[in-house]
Amino acid sequence: MAPTTGGPKTVVAHRQKKNSKSADATPKKTEAKTLKRKRGQDELEKLKIAIQELDPKSPNLTKFSDLPLCAATASGLRASHFEVLTDIQKAAIPLALKGRDVLGAAKTGSGKTLAFLIPVLEKLVQAQWTEYDGLGALIISPTRELAVQIFEVLRKIGRNHVFSAGLVIGGKSLKEEADRLGRMNILVCTPGRMLQHLDQTAGFDVNNLQMLVLDEADRIMDMGFQSAVDALVEHLPKTRQTMLFSATQSKRVSDLARLSLKDPEYVSAHEEAPTATPTNLQQSYIITPLHEKLDTLWGFIRTNLKSKMIVFFSSGKQVRFVYESFKRMQPGISLLHLHGRQKQVGRMEITRKFTSSKYACLFATDVVARGVDFPAVDWVVQVDCPEDADTYIHRVGRTARYESKGRAVLFMEPSEEQGFLSRLEQKKIPITKVNVREGKKTSIKGELQSQCFQSADLKYLGQKAFITYVRSIYVQKDKQVFKFDKLDLDGYAASLGLPGTPQVKFQKGGEEMRRANKQASRMVFDVGSDDDSSDYDADGRLKKKEVRTKYQKMAERQNQDVLSSHYRKLVQDAADEDEDEDDGFLSVKRVLGDKELDDTAAGMGDDDDGKEIAGAKVVKIGDQEIIIDSKRAEKKLMSKAKVAKMMGKGQKLIFDDEGNAQPLYVLQGLEDFQKEGDAKELREKFVEAEGERVKEADVEDKELARKRRKEKRDRAKARERGEEVERERGPITQLDSGDEQDEDPLALLKSLPIAGGGDHSDDGEDEPPKKKTKKWFQNDSDVEDEPEQKKRKTSGRKVIEMGYEPDNLQDLEALAAGLLED
Ligand SMILES: Nc1ncnc2c1ncn2[C@@H]1O[C@H](COP(=O)(O)OP(=O)(O)OP(=O)(O)O)[C@@H](O)[C@H]1O
C-alpha cells in the first residue's frame, strides 16, 4: 500500500516550514491561512453552484475544462495530458458529479477509469474530506493487475490533491497493510482482501464511506465473488454514492438490490453503436482443428515477430506448457507468461515487462482479459475459444484501445464455429473468416514429441495441459458451442508431443457436478487472481482446509518432486526467470551451472570446491553444482549413494586399434554427412523414429506400472488374509513390517503419471478415492487399522513417529530423507 504522491508530502513539508519560522511571523501566517481557507470555501461554493446548474446532457461538454471540477483535479488532468472527454466520460461524469448512482457501460478502451476516478476525487472535495476523516471512497477491482493500474491512474490525476490513497490487494502481510489502512482516504482493492481487513482489522472504520465503485462490475457481481461482495457491502453504510462500470454491463435488478443502488442512472455510451467492439479493431477467426492449434499458433508467432501480442488460453496449465515448449524452440520473439497461480511479485514484473516491450508475446489466462491497459498491443490471439461472448469482448479489448488500431484473431475448432459465431452475432460483434496460407503452414508436432521425450517435466506439463483443456470443454455450460464428443483427443494429445492420450476422469453426477466443477475451477482462478496469499477464498470466506486423500497428497507431492527444480525457477522466482529471458531469448537454459549463477557466485565468495551464493554454500559434484542451503542438503552429501547418483553416469568410451580411448560419438565430417542424403529428410526420419521409440517406451512404462499395481494388490490381499489368521489367533502385540515396506518409500513420489495408463495420479485431485482414505505415507498394502500416529518401515522394524500429518513439500522431503538415510 502506498500513499498518493503529492498530497501527504505537501502537508508534511508545510508543517516543517511552519516550525522553522520565527514567532513574529505567526500572526501573518495565520492570517494568510485564514484567507486561503476562505478562498477555498468560496471556490467550493462556486463549484457546488456550477454542479447544480450543470446540464448533464449538454452537447457543449466536450473537454474536461467544460466540467465544474476543482482546481486540483483540473490541473492533475492537464498534467496527465487528458483534455478531450470520451463518450462515456461525457455521459457519466456530470451525473456522478450531481451525486447520482451510475451504471456505466462503454466499449473496451473507451476511458471508463477516468469516468469514475474523477467523480471519486470530486466527491471528497465537495465533502471537504481531510486526511483525518478516514476512508471516503472504495474502488473494487476483480484482479490485482487491474487494481494496480487503477491506482496508478489515480496517482497521476490526483497528484495535486491532499488525499491519501492505498492499494489493498494482498501479497503483503495483513498487518503491514492494516497499520496503514486507517490513514487512507481512498482505497483500491480486490474483494477478498478487503473483506479480510473489514473482518479482522481492529479499528478500521468505514462508516463514513461516501463513494463505492465497482470496476468490471458484471464480473464482480457474478458467482465467483458473490458472497465476498455481499459480505463486504454489509460493512458499508447505506447512504453512499455507488458507481458500477463495465464494457459488458448487466442491469440485473437483483444486482442493483444487492448493492442498494438508489434510482441508478444507466449510462451506455455505445448502446446505439452497430458493434459492441471498438470500431478500430479488426477481428478475424481461423478454423483450426484441435490437433493443429499449436502448429497454427507457432506459424502465427513466427510470421509476426515484429509485433506485441497477447495469446489467451483457457487455463494456466496450457499457458505453462506452451510457454515452456515454445521457449525451447526459440521463435525469435521475447516470450512471457502470466497466470493466476504465479507469485504476486512475478506477476507484477511480467506485467511491467510486457508494458514496456515493443515486441513481445505474452501467453496468458483471463487474468488479464479485463481492464488491463497494456499500451500498443498489435494482436490479441485467442487459442482457446472463450466461454462466452462477453469474455471474447474483454479479451479482444486488450488491443485497439482509445484511438489506436488493433487486430484480433480467434482460433476455432470446426465443431465450435457455428455455435460461437451465432453468439458473437447476438452481441453485435463483426468477425470475418480467414485461412492460413498454405505456404505458411508448419508442423511442430515432431519437435514437441522430441522435447517431451527428452524432458519429463515438459511431458508432465503437457499431460496436465491436455487434461485441463479436456475437462474445461466438458464442463462448459454452452453445449451448442462446446461439443465434447466431437473432439479428436488422440490427435490433440499427439499434437502436444505426448506419447499417448492421457486418460481423463470425470466426476459422476451429471450437470450438477459439472456446474460444481466449473465453479470450483473459477474459484481457483479467482483465488489466484485476486488474493492467493490470503486465508480467504474468492468468496471472501475463510478458506476451509480441504480434505485431501492420501492419493491426492501423493499426486501433489509427486508432481512437486518431479518439478521441484523446474518450479523453483518457473513459479517462485518468476521475476528472476524473466530477467534471464530478456537478457537473451536464445539463452533459455537455466541450470545451476549457468554462467550467470557462476558470475554471481564468483562475486560473492571463493570459487574452488565450494562457494557462497547469498549465504548458501555451493559444492561441485561431477559437472553439477549443488547449493547447500539446508541441513537436509548437507546431509545428502554424507550419503555415498546419493553423491554417486549426483555424479551422473560416466562417459562411455571405446578404444581404437592403437588402444586410445575415444568417445562413443564422434562428430561426422560434413562430406560424409552430405552423402547420407538430404538433411531435412534425415531429420524427419530421425524424429519419426524417436517418436516410435517414445511410444514403445511408454507402453513399457505402462506395463511396468500395471505390474507394480498388481503386485501391490496381491500383497495387500495376502496380508489381509494373514491378518485374518492373526486376528483369529489373538491381538497383535508387535508392529508388523510387511514386505511392502521394503519398497522404496519414494517410489510413488518419483513415478510420473503414465499417459493412457490407469494410474493417473495427477487426476487424483478431483477423483474420490475408491478405497478407504489412508495416511499419505501408507502404501496400498498397509494395514487399514494401523494406529494413526505410528508408522513403521522396513524389516529393520524402524518406527517413525509422526506427531502431525506433513502438509508441505519440506515435511514430506524431511520424512523421505529420514527414511532413505537408514
Ligand atoms: N479523455 C481521454 N483522453 C485521452 N486518452 C484517454 C482519455 N480517457 C482515457 N484515455 C486513455 O484510454 C485508454 C483506455 O482507458 P481505460 O483503461 O480507462 O479504458 P476502459 O474503458 O476502462 O477499458 P476496459 O473496458 O478495457 O477496462 C487509457 O490508456 C487511457 O489513458
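Look up a bit, the structure's there.
None of these values were measured; they are calculated from a predicted model.

Some thoughts on the site of the ligand
Part 1 of the argument: Surveying the vicinity of the ligand reveals 20 residues, the closest of which are Val-84, Lys-112, Thr-113, Asp-373 and Arg-401.
Part 2 of the argument: Residue Gly-111 places a main-chain N or O atom 3.1 Å away from an oxygen atom belonging to the ligand.
Part 3 of the argument: Between Glu-216 and the ligand, the recorded distance is 3.3 Å, taken from a side-chain N or O atom to an oxygen atom.
Part 4 of the argument: Coverage of the ligand by the protein amounts to 87% of the 640 Å² it exposes when considered alone.
Part 5 of the argument: It is helix H5 (residues 112-126) that provides the largest number of residues to the shell around the ligand, a total of 3 residues.
Part 6 of the argument: A per-class count over the shell around the ligand returns 6 nonpolar, 8 polar and 6 charged.

With respect to the sheet that holds strand S9 (residues 308-312)
Part 1 of the argument: Across the sheet, 7 strands lie side by side as S10-S11-S9-S12-S13-S8-S14; this open sheet has parallel pairing. At either margin of the open sheet sits one strand with a lone partner, and together these are strand S10 (335-338) and strand S14 (432-434). Put simply, the sheet's adjacent strands are angled 25° from each other on average, direction ignored.
Part 2 of the argument: In the sheet, strand S8 (residues 281-287) pairs with strand S13 (residues 406-412) via 7 bridges, with the strands oriented parallel. Pairing of Ile-286 across the sheet is with Phe-411, part of S13.
Part 3 of the argument: Set on the sheet, helix H13 (residues 316-329) makes contact with S10 and strand S11 (360-364); between it and S10 the angle comes to about 165°.
Part 4 of the argument: Along the sheet face, helix H16 (residues 414-426) touches S8, S13 and S14 and points at about 125° away from the line of S13.

So, H5
Part 1 of the argument: Here H5 is 15 residues long and its end C-alpha atoms lie 22 Å apart, about the 21 Å a rise of 1.5 Å per residue gives.
Part 2 of the argument: Most of H5 is tucked away, with 12 of its 15 residues classed as buried.
Part 3 of the argument: Buried residues of H5: Lys-112, Leu-114, Ala-115, Phe-116, Leu-117, Ile-118, Pro-119, Val-120, Leu-121, Glu-122, Leu-124 and Val-125, and no others.
Part 4 of the argument: One or two positions beyond H5, positive phi appears at Gln-128, with a value near 50°.

Considerations on empty space enclosed by the protein
Part 1 of the argument: Throughout the structure, instances matching the rule amount to 8 cavities of 30 Å³ or more.
Part 2 of the argument: Elements with a minimum of two residues in the lining of the second largest cavity: helix H12 (293-303) and H13.
Part 3 of the argument: The element best represented in the lining of the second largest cavity is H13, accounting for 3 residues.
Part 4 of the argument: Counted by class, the lining of the second largest cavity contains 8 nonpolar, 1 polar and 2 charged residues.

Digging into the pattern of salt bridges
Should their charged atoms come close, side chains of opposite charge can pair.
Part 1 of the argument: Using the criterion set out here, one finds 30 salt bridges in the structure.
Part 2 of the argument: Here Lys-175 makes a salt bridge to Asp-179, at a shortest N to O gap of 3.2 Å. You can see Lys-175 and its partner Asp-179 sitting in helix H7 (residues 174-181), 4 residues apart, about one turn around the helix.
Part 3 of the argument: With relative accessibility at 46%, the residue Asp-179 sits in the partly exposed group.
Part 4 of the argument: Here Arg-693 ties to Glu-690 by a salt bridge, and the two come within 3.2 Å at their closest N and O atoms. You can see Arg-693 and its partner Glu-690 sitting in helix H27 (residues 679-729), 3 residues apart, about one turn around the helix.
Part 5 of the argument: Look at Arg-693 and you get partly exposed, because its relative accessible area is 45%.
Part 6 of the argument: Linked through salt bridges whose partners overlap, the residues forming this network are Arg-100, Asp-263 and Glu-265.

Cut-offs used in this document
Residues numbered from 1 in each chain as written. Predicted model: local features only at pLDDT ≥ 70, side-chain atom pairs only at ≥ 80, totals over all residues. Heavy atoms only, no water. Near = heavy atom within 4 Å. Polar contact = N/O pair within 3.5 Å; in protein donor to acceptor, adjacent residues only side chain to side chain. Areas by Shrake-Rupley, 256 points an atom, 1.4 Å probe, with all protein chains shown as cover. Helix = DSSP H or I, 4+ residues; strand = E, 2+ residues; numbered from the N terminus. Nonpolar A, V, L, I, M, F, W, Y, C, P; charged D, E, K, R; others polar. Pairing = 2+ DSSP bridges. Axes fitted to C-alpha atoms, helices over the stretch in contact; angles between N-to-C directions. Contact = heavy atoms within 4.5 Å. Expected span 1.5 Å × (residues − 1). Buried < 20%, exposed > 50% of the residue type's maximum accessible area, 1.4 Å probe, protein only. 1 Å grid on protein atoms, 1.4 Å probe; cavity = no way out; pocket = protein on both sides within 12 Å on 5 of 7 lines; lining within 4 Å. Points joined across faces, edges and corners; volume = space filled by probe spheres on them. Salt bridge = Lys/Arg side-chain N within 4 Å of Asp/Glu carboxyl O.

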